[in-house]
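So you can see what is in the structure, the chains are spelled out below.
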Amino acid sequence: MSEGAPEPVPTIRWIDGGVRILDQRRLPRIERYLHLEHPRQVIGAIRTLAVRGAPALGIAGAYGLALAAARALEAGRDPRAAALRWAPRLAAARPTAVNLSLGVNEAVASIAALEAGQSPGELVSRLKENGDRMLREDLDASARMAEHGVGLIPAGRPVLTHCNTGGLATAGLGTALAVIWKAWRERGVPFVLVDETRPLLQGGRLTLWELRRWGIPARLICDGAAAWAIRSFDAGAILVGADRISANGDTANKIGTLAAALAAWDAGIPFIVVAPRTSFDLNISQGDAIPVEERGREEILAASGWQAGAGVVSYNPAFDVTPARLITAWVSDRGVERPPFEE
Ligand code: MRU
């Protein structure tokens, strides 16, 4: 990263033949690790957001396939067949972050690249090493994004962020949050306005937890306060991550991102997307082709005091798509980019 950078959170690691994840459902109150030994458990952890954030999902998908092969080998079955059988199920665990299917597809490609005659044990090691490689590359991408993005941040003014784009969502210090860390160190950003990020509170629970670990001052706000807060505190920029960016720059990210972009546009401040190239999907030309995950109504009913059986009709999209015209810059591990993006 750079001098003085804090240690990344050990969000996801391959340990003792299994995948160890920090259970993000319990944060900030409890720091509990889960040891996943079967791809079924990885799918459960992904669906329930025990592990989440686009880059971390890619690594989880890659390791999930290694687990499928390892368990088959132990049971005397064909690890290659098992991995290929689990691949589509892992890739479909959540639809929006392109990193998940990319992680699974890269694992499948690493199986295809194995020379004929290699032992089943070598196949398992290859899949595990493929996940390790993705983890290392993501750590490196995080450092690069921080370097590339810091110069875009107006000095001496607060910034606002939405959802969680820190070490909990990646292998490194994060995407947007890594830029924010560097801007706090080098550009005198005095504090961060943190959208709580309804309904699962990734901002309030996770981003705040990470900023406090780093000693960065923060103010927690309701999502609905964002437009007013950037005016009240003369914020210099809004920074967010991405789950999938189409070739024309339309960007899918946590629900509420589009509203934040509109607020930035009206206030005349930069709206900056920070994401590794692994979150760019150049097979999709524009945002309306990005699959948007819809989650269960129980996630939004409880806060309003309704029971599941009360017949309340709801709509709970987990993401929205911000049109490219509202985005000032896309910071990737390659640099500051603008669409149309090239391979
Ligand atoms: O539903 P989540 O918590 O997985 O959503 C995460 C986000 O929307 C993040 O902003 C995005 O994945 C970028 S993380 C570096």
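Residues numbered from 1 in each chain as written. Predicted model: local features only at pLDDT ≥ 70, side-chain atom pairs only at ≥ 80, totals over all residues. Heavy atoms only, no water.

**Notes on helix α3 (residues 79–91)**
Between its first and last C-alpha, α3 extends 18 Å over 13 residues, near the 18 Å set by a 1.5 Å rise per residue. The secondary structure elements touched by the buried residues of α3 are α1 (39–47), α2 (54–74), α4 (98–112) and α5 (120–149). (Helix = DSSP H or I, 4+ residues; strand = E, 2+ residues; numbered from the N terminus. Expected span 1.5 Å × (residues − 1). Contact = heavy atoms within 4.5 Å.)

**So, the layout of surface pockets**
Each pocket or cavity is described by its volume, and for the largest pocket that value is around 540 Å³. Taken together, 27 residues make up the lining of the largest pocket; nearest its centre are Leu102, Glu106, Arg277, Thr278 and Phe280. If you list the elements that add at least two residues to the lining of the largest pocket, you get α2, α4, α5 and β11 (280–281). With seven residues, α5 is the single largest residue contributor to the lining of the largest pocket. Residues that form the lining of the largest pocket fall into these classes: nine nonpolar, six polar and 12 charged. (1 Å grid on protein atoms, 1.4 Å probe; cavity = no way out; pocket = protein on both sides within 12 Å on 5 of 7 lines; lining within 4 Å. Points joined across faces, edges and corners; volume = space filled by probe spheres on them. Nonpolar A, V, L, I, M, F, W, Y, C, P; charged D, E, K, R; others polar.)

**Side note on the packing of aromatic side chains**
In the structure shown here, the tally under the stated rule is four aromatic pairs. Their ring planes at 45° and their centres at 5.5 Å tell us that Trp14 and Tyr63 sit as a pair that is tilted. Remark: Tyr63 occurs in helix α2 and Trp14 occurs in strand β1 (residues 12–15); sequence separation between them is 49 residues. For the pair Trp14 and Tyr63, one class covers both residues: buried. A ring pair is formed by Phe280 and Phe341, whose centres lie 4.9 Å apart and whose planes are at 80°; its orientation type is edge-to-face. Here Phe280 is found in strand β11, whereas its partner Phe341 is found in the segment after β14 (335–337), with 61 residues between them in sequence. (Phe/Tyr/Trp six-rings, centres within 6.5 Å; stacked < 30°, edge-to-face > 60°. Buried < 20%, exposed > 50% of the residue type's maximum accessible area, 1.4 Å probe, protein only.)

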